[in-house]
Amino acid sequence: MSGGTEIPVRVTKVTMVADRIKRFRFERLDGRPMPYFSGGAHVIVSMNDNGHVRRNAYSLMSPPYDCSAYEISVLHVEDSRGGSSFMHEKVREGDEMRVSHPVNLFHPDWRGRKHLLIAGGIGITPFIAMMEQFSREGAHFELHYAIRTRDRGAYCEDLVASYGPHRVKIYCDAENNRIPVARLVDGQPLGTHLYVCGPTGMIDGVLKAGLEAGWPQQNLHCERFLSTPPGKPFTVKLTRTGKTIHVGHHESMLEAIEAAGVDAPYLCRGGACGQCETRVTACEGKLLHNDIYLSDEEKAAGQKVMLCVSRFEGAALHLDL
Amino acid sequence: MAIAFKQETFRDDFSYRNSPENIRRFPFPFDRDEYMYSVNMEPHVKGQKGTVFESLIDVDEHYIAEMHDRALVLKEDPLRYQALPHMMTAQWDTLELLMEEQAAGYPEHFTLIRNGDQWRWINRPLGIDDTFTFGDRATLPYEPLEYITRQAQGDFCIVDQRDGNLWMDAGMVTTQADWSLDFDIGMNFMEWHGPVPLAHQMGVFERALKFLLNLQQGKPTRRFNWTMTINPRLDTSPENYPKWGPDRATVTPENVGDKVHLRVEVQTLWRLPRSNAILFVIRCYLMNMNELVTVPKWARRFPRVLRTLPPELIDYKGLTRYRETTMDWLSKYDDGAPTSPGTFPD
Amino acid sequence: MLVEGIKSRPVYRGLTIQPRARRHIFALEGEGAHALLDRKTELDETARSRSEILYLGRGSQGKGHDEALRKLGADMFFTAPTIATLLFRLKGTLATAHMGTRLYIAGTEGFIGQAMIVALDNGMDHASIITEHRGSLARRVQCVHCKGITEDVTHSPFACSHCSLPLLVRDHYSRRLGAFQGVNVDAEEPGSAPDPEELFL
Ligand SMILES: Cc1cc2nc3c(=O)[nH]c(=O)nc-3n(C[C@H](O)[C@H](O)[C@H](O)COP(=O)(O)OP(=O)(O)OC[C@H]3O[C@@H](n4cnc5c(N)ncnc54)[C@H](O)[C@@H]3O)c2cc1C
Ligand code: HEM
Ligand code: FES
């Protein structure tokens with residue numbers, strides 16, 4: 001089976017934690033413990049919307065060593081294609097859902113002498129579990145967390161209360177407070193690792209500031225909450241199964257292929273892990289590579305495509321599936 | 001059913017032998033009459049009774065003797081166990097995995113009682129009954145990885161995942177086919193596989209690495225590897241090469257059956273939950289040629305594999321001095337009849 | 001030229017000055033001095049004011065570069081009498097260094113390996129360290145049997161300087177030890193060691 005074994009769970013609690021952000025607690029239907037996970041890990045949540053299955057990645061934010069349940073926090077994005085709207089509008093306490101085993105594409109470098117965490121908005125989620133783990137293991141860390149407004153910022157008070165204002169710093173746009181990134185990356189002790197998660201612009205800005213301050217790439221880490229950008233509909237032909245599949249505006253190639261009953265491999269569904277890499281057998285037109293997995297050369301060569309986030313414009317696309 | 005553990009040695013008088021039942025469950029690695037490197041990985045799921053896959057971590061009749069041999073090796077050379085400081089979480093993950101799997105597979109021999117962080121571990125074959133705090137290294141007599149791998153058959157490496165690669169950052173290695181943990185610790189996947197011939201050029205390692213980087217929790221995978229050893233010696237380390245190297249020159253047509261051993265490694269790979277590292281278990285099985293020929297299919301197939309082995313592999317595996325003699329001896333058991341597909345006895 | 005295709009041997013890509021580094025530390029041994037002197041023009045005023053040069057004169061071609069190096073006008077300059085004293089100084093420098101500090105190592109492979117170990121111990125990632133091989137091709141070799149290290153090995157097989165076993169120098173390199181692996185060449189048939197060949201000069 002693709003994407004890992006799914007665990008049937010019940011939604012045992014839904015909490016509104018901030019404007020447009022809800023927390024969901026999942027417990028196993030069979031009453032057994034959840035698998036442990038590592039800070040930074042996410043699960044794929046399968047949402048069954050009247051027979052239409054959507055799958056989104058959500059970072060685990062419950063304590064990694066607490067196997068009684070998993071918790072995620074979901075931002076209701078504007079113009080959602082459906083996933084976060086479904087979570088916010090349809091999911092109720094007592095509902096049954098399925099989540100994958102944890103996958104971690106944003107794990108801390110445990111060699112780090114110090115861990116510098118930079119979060120923007122909903123990008124806080126992976127860090128909540130990471131900090132639990134750091135503090136339990138006695139690792140040295142510091143969080144800088146940017147929010148737009150106080151009522152949109154999730155968990156600010158809790159985090160300051162748990163770890164103290166010397167380790168958790170909050171910056172609020174509405175109060176004209178910005179993370180002083182350039183100053184932060186200057187003067188960190190040798191062996192510090194930096195992790196950033198948040199809006200694309202913020203991630204790019206922080207990584208750039210790090211490189212400009214002479215940091216080596218090996219010490220800079222990020223996680224992007226990529227999702228398929230909506231695009232023009234297109235058609236793709238699967239040469240092995242002989243199926244022709246229509247991909248609509250608001251679905252990814254992977255979703256359309258799954259809906260047609262073809263089992264395609266995946267893990268992150270966010271263009272990061274490489275699992276859904278598929279060989280292109282013919283392409284008349286332009287591949288829109290939206291992933292961060294393939295190298296620029298591979299993208300230019302056009303021999304491979306990542307089903308979960310990439311799209312196509314043109315006359316014909318044939319895939320080896 | 002309780003296992004009847006044997007008293008035997010892997011050095012000096014080499015009294016190690018397999019019981020007839022243990023021969024039947026030997027993990028013969030060849031599913032056809034020839035061999036070449038490949039990305040031979042398959043899901044590590046439970047197999048039938050009477051195979052080494054009956055439990056996901058296999059314990060057999062050699063358990064006590066192997067643990068005794070490991071203790072002897074460590075007394076001579078403590079560097080066979082090493083762990084870099086950032087691997088502590090992965091050590092605890094490994095301790096949990098091995099205790100859980102051994103207790104699940106062999107409840108009459110091993111028991112794990114968990115009460116929050118207070119754990120009690122009972123290992124009846126070795127007479128151990130310890131209570132400790134999970135996560136607190138001061139409550140165990142050794143580091144967690146050393147503690148549990150002194151009580152588990154096979155060699156163990158823990159590899160850390162960083163920067164799109166795997167790094168061998170901890171291990172217990174006392175039953176190895178001629179490689180040194182002390183030398184390789186800290187290397188990445190391509191580096192520690194550096195000495196292996198042909199496989200790099202074939203793209204085997206590139207594909208295997210890509211696969212492992214995505215290895216998922218709860219879905220372990222396995223592969224076979226094999227070589228040959230003269231005398232049933234577990235510790236064929238480079239460190240002790242001057243001790244076992246001369247054995248290779250002692251093979252004669254008269255002693256092939258006793259001295260020459262097929263050495264099979266069942267390698268399993270597990271994503272560890274708290275550390276996101278991967279545990280690599282190298283479980284070594286030895287069987288001499290007298291034992292091997294008791295299974296007619298294996299007796300036909302093995303000389304054919306040896307005959308068609310690429311020269312680079314003969315040299316790398318160190319078979320040069322005794323391959324011919326072994327093939328000649330085995331040829332009397334090969335009537336040329338076709339062999340059935342698969343690895344199991346007919 | 002170094003032998004190509006040894007998968008475990010680091011690739012020494014050459015000293016390229018990282019323009020954005022906040023601090024440049026150059027650890028230079030013997031002919032390694034040339035690696036920096038040849039790139040004099042890349043070192044602008046800012047880079048010089050952020051540089052610290054640690055130099056050890058060694059080997060016939062590698063001595064006497066003190067003056068030329070000093071004239072580069074780095075913020076700090078230190079001449080070490082031995083590898084051990086240079087490494088000790090490097091340790092001190094890195095212990096209080098900040099992110100943005102980049103380390104450059106040039107010299108023989110054995111020296112690069114030893115300086116690299118100091119850097120790893122101080123939390124640096126090996127891939128972030130800039131290296132250039134200069135000078136002799138002699139190898140630093142660890143005897144896998146007694147674990148003793150023999151410096152400046154030019155022949156294979158050679159006698160281990162600790163346990164005297166005749167060792168074959170394998171093409172397998174450990175970054176953590178900063179050394180190649182030496183394995184007893186005649187273990188299977190004691191006394192059958194071939195004549196030494198001069199391979200690494
Ligand atoms: C590893 C990982 C971890 C994640 N963790 C979390 C988490 O903890 N919490 C959380 O809330 N979310 C998380 N996400 C994001 C989550 O998976 C969904 O993408 C998100 O919930 C939106 O899903 P959707 O189906 O509602 O909207 P989608 O239709 O998928 O689109 C989201 C919105 O972004 C817009 N958009 C998409 N691409 C672009 C683009 N290129 N340019 C401009 N606009 C664009 C869309 O128009 C829409 O408004 C994570 C993602 C990944 C890959
Ligand atoms: C992360 C887990 C792994 C570890 C720690 C590991 C370690 C090793 C080591 C130490 C060697 C000996 C090299 C030497 O001669 O010095 C080796 C050999 C080898 N490995 Fe791996 N390995 C791993 C996974 C794999 C995988 C997944 C493959 C899949 C193809 C593989 C294929 C091989 C092969 C073909 C050899 C040569 C064996 C022989 O011919 O005897 N390894 N491995
Ligand atoms: S599923 Fe991970 S890259 Fe597509």
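Residues numbered from 1 in each chain as written. Chains lettered and ligands numbered in written order. Predicted model: local features only at pLDDT ≥ 70, side-chain atom pairs only at ≥ 80, totals over all residues. Heavy atoms only, no water.

(A) Geometry of the side chain of T101 of chain C. With respect to the helices and strands, T101 of chain C occurs in strand β4 (residues 101–107). Take T101 of chain C: its relative accessible area is 7%, and that puts it in the buried class. A distance of 2.6 Å separates the side chain of T101 of chain C from the backbone oxygen of H98 of chain C, its partner in a polar contact. The residues touching T101 of chain C, leaving out its near neighbours within four places in the chain, are L190 of chain A together with R23, I25 and M124 of chain C. (Helix = DSSP H or I, 4+ residues; strand = E, 2+ residues; numbered from the N terminus. Buried < 20%, exposed > 50% of the residue type's maximum accessible area, 1.4 Å probe, protein only. Polar contact = N/O pair within 3.5 Å; in protein donor to acceptor, adjacent residues only side chain to side chain. Contact = heavy atoms within 4.5 Å.)

(B) Structural view of the coordination of the iron atom of ligand 2. Of the protein atoms, H193 of chain B (NE2) alone serves as a donor to the iron atom of ligand 2, at 2.0 Å. Structurally, H193 of chain B can be placed in the loop between α6 (189–192) and α7 (204–213). (Donors = N, O, S within 2.8 Å, 3.2 Å for Na, K, Ca; no water.)

(C) Looking closely at the nonpolar core. With 64 residues, the main nonpolar core has L166, W226, L262, M289, L292 and F302 of chain B as its most contacted residues. In terms of residue count, the dominant contributor to this core is α7 of chain B (six residues). Setting aside chain neighbours within four positions, we find L292 of chain B in contact with F28, L262, M287, W298, A299, F302 and L330 of chain B. Ranked by size, the runner-up nonpolar core spans 54 residues in total, among them W215 and L220 of chain A together with L87 and V169 of chain C. (Core = buried A, V, L, I, M, F, W, Y, C linked by side-chain atoms within 4.5 Å.)

(D) Structural context of helix α4 (residues 83–95) of chain C. Residues and elements named next belong to chain C. Taking 1.5 Å as the rise per residue, α4 with 13 residues should run 18 Å; its terminal C-alpha atoms sit 18 Å apart, in good agreement. Regarding α4, the residues found buried are I83, L86, L87, L90, T93 and L94. Take α4 and look down its axis: the buried residues cluster within an arc of 120 degrees, on one side only. Of the residues in α4, the exposed ones pointing more than 90 degrees away from the buried face are A84, F88 and A95. The inward-facing, buried residues of α4 contact β1 (23–29), β2 (51–56), β3 (76–80), β4 and α5 (109–121). (Expected span 1.5 Å × (residues − 1). Arc of directions from axis to C-beta.)

(E) Up close: the site of ligand 2. Residues and elements named next belong to chain B. Of all residues adjacent to ligand 2, which total 22 residues, the nearest are Y37, W192, H193, Y316 and K317. Interatomic distance of 2.9 Å between a side-chain N/O atom of K317 and an oxygen atom of ligand 2. Elements with a minimum of two residues in the shell around ligand 2: α6, α7 and β8 (221–230). No other element matches α7, which puts four residues into the shell around ligand 2. Here the residues of the shell around ligand 2 sort into 16 nonpolar, three polar and three charged. (Near = heavy atom within 4 Å. Nonpolar A, V, L, I, M, F, W, Y, C, P; charged D, E, K, R; others polar.)

(F) Up close: the site of ligand 1. Residue and element names in this part refer to chain A. Near ligand 1, the surroundings consist of 25 residues, among which A57, E78, S80, R81 and S84 are the closest. A distance of 2.7 Å separates an oxygen atom of ligand 1 from a polar atom in the side chain of Y58. The backbone of S59 places a nitrogen or oxygen atom 3.1 Å from an oxygen atom of ligand 1. Taken by itself ligand 1 offers 970 Å² of open surface, and the protein chains cover 79% of this. Secondary-structure elements contributing two or more residues to the shell around ligand 1 are β4 (52–59), β5 (70–75) and α1 (83–89). With four residues, β4 is the single largest residue contributor to the shell around ligand 1. Considering only residue class, the shell around ligand 1 consists of ten nonpolar, ten polar and five charged. Both domain 1 (6–100) and domain 2 (114–223) contribute no fewer than three residues apiece to the shell around ligand 1. (Areas by Shrake-Rupley, 256 points an atom, 1.4 Å probe, with all protein chains shown as cover. Domains from an automatic or database assignment.)

(G) Spatial organisation of the sheet that holds strand β5 (residues 128–133) of chain B. Residue and element names in this part refer to chain B. Judged by pairing direction, the sheet is antiparallel, and its three strands sit side by side in the order β3-β4-β5 without closing on themselves. Each of the sheet's edge strands pairs with one partner strand only, and the pair in question is β3 (110–115) and β5. Averaged over all pairs of adjacent strands, the angle between strand axes in this sheet comes to 10 degrees, irrespective of strand direction. Pairing of strand β4 (residues 118–123) with β5, which is carried by six bridges, proceeds in the antiparallel orientation. Its bridge partner being in β5, W121 is matched across the sheet by D130. Packed on one face of the sheet, helix α3 (residues 88–105) meets β3, β4 and β5 and runs near 125 degrees to β3. (Pairing = 2+ DSSP bridges. Axes fitted to C-alpha atoms, helices over the stretch in contact; angles between N-to-C directions.)

(H) Layout of the interface of chain B and chain A. Counting from both sides, the interface comprises 18 residues of chain B and, opposite them, 25 residues of chain A. A combined buried area of about 1900 Å² lies between chain B and chain A, and 41% of that area is made up of carbon and sulfur atoms. Ranking the residues of chain B by area buried against chain A places N214, Q217 and R274 of chain B at the top, with a combined share of 29%. Linking chain B with chain A are two salt bridges, by the criterion used here. We note a salt bridge from R136 of chain A to D117 of chain B, for which the minimum N-O separation is 3.5 Å. (Buried area = accessible area lost by both parts, 1.4 Å probe. Salt bridge = Lys/Arg side-chain N within 4 Å of Asp/Glu carboxyl O.)

(I) Region of interest: the interface of chain C and chain B. On the side of chain B, 26 residues touch chain C, which itself brings 23 residues to the contact. When chain C packs against chain B, the two sides together hide about 2100 Å² of surface, and 54% of this comes from carbon and sulfur. For chain C, the biggest contributors to the area lost against chain B are K7, R176 and E188 of chain C; these three give 33% of the whole. Summed over the shared surface of chain C and chain B, the number is seven salt bridges. The tally of links between chain C and chain B comes to twelve residue pairs in polar contact (both at pLDDT 80 or more).

(J) Up close: helix α11 (residues 296–307) of chain B. Residues and elements named next belong to chain B. Between its first and last C-alpha, α11 extends 18 Å over twelve residues, near the 16 Å set by a 1.5 Å rise per residue. In terms of residue burial, α11 counts as a mostly covered element, since ten of its twelve residues are buried. Restricting attention to buried positions, one finds in α11 the residues K297, W298, A299, R300, R301, F302, P303, R304, V305 and L306. If you follow the buried residues of α11, they end up packed against α1 (20–24), β8, β9 (260–271), β10 (278–288), α10 (289–292) and α13 (323–331).

(K) View of the sheet that holds strand β2 (residues 21–28) of chain A. Residue and element names in this part refer to chain A. Across the sheet, six strands lie side by side as β4-β3-β6-β1-β2-β5; this open sheet has antiparallel pairing. Of all the strands in the sheet, the pair left with one neighbour each is β4 and β5. Recorded for the sheet is a direction-independent mean angle of 40 degrees between the axes of neighbouring strands.

(L) Inspection of the domain arrangement of chain A at higher detail. Residues and elements named next belong to chain A. According to the domain assignment, chain A contains domain 1 (6–100), domain 2 (114–223) and domain 3 (234–319). Centre-to-centre, using C-alpha coordinates, domain 1 lies 26 Å away from domain 3. Taken together, the contacts link six residues of domain 1 with nine residues of domain 3. The junction of domain 1 with domain 3 conceals about 660 Å² of combined surface from both sides, 45% of it contributed by carbon and sulfur atoms. Area buried by domain 1 at its contact with domain 3 is led by I44, R55 and R81, which between them contribute 73% of it. At the junction of domain 1 and domain 3, the tally comes to one salt bridge. When the shortest N-O distance is used, the salt bridge between E258 and R55 registers 3.0 Å.

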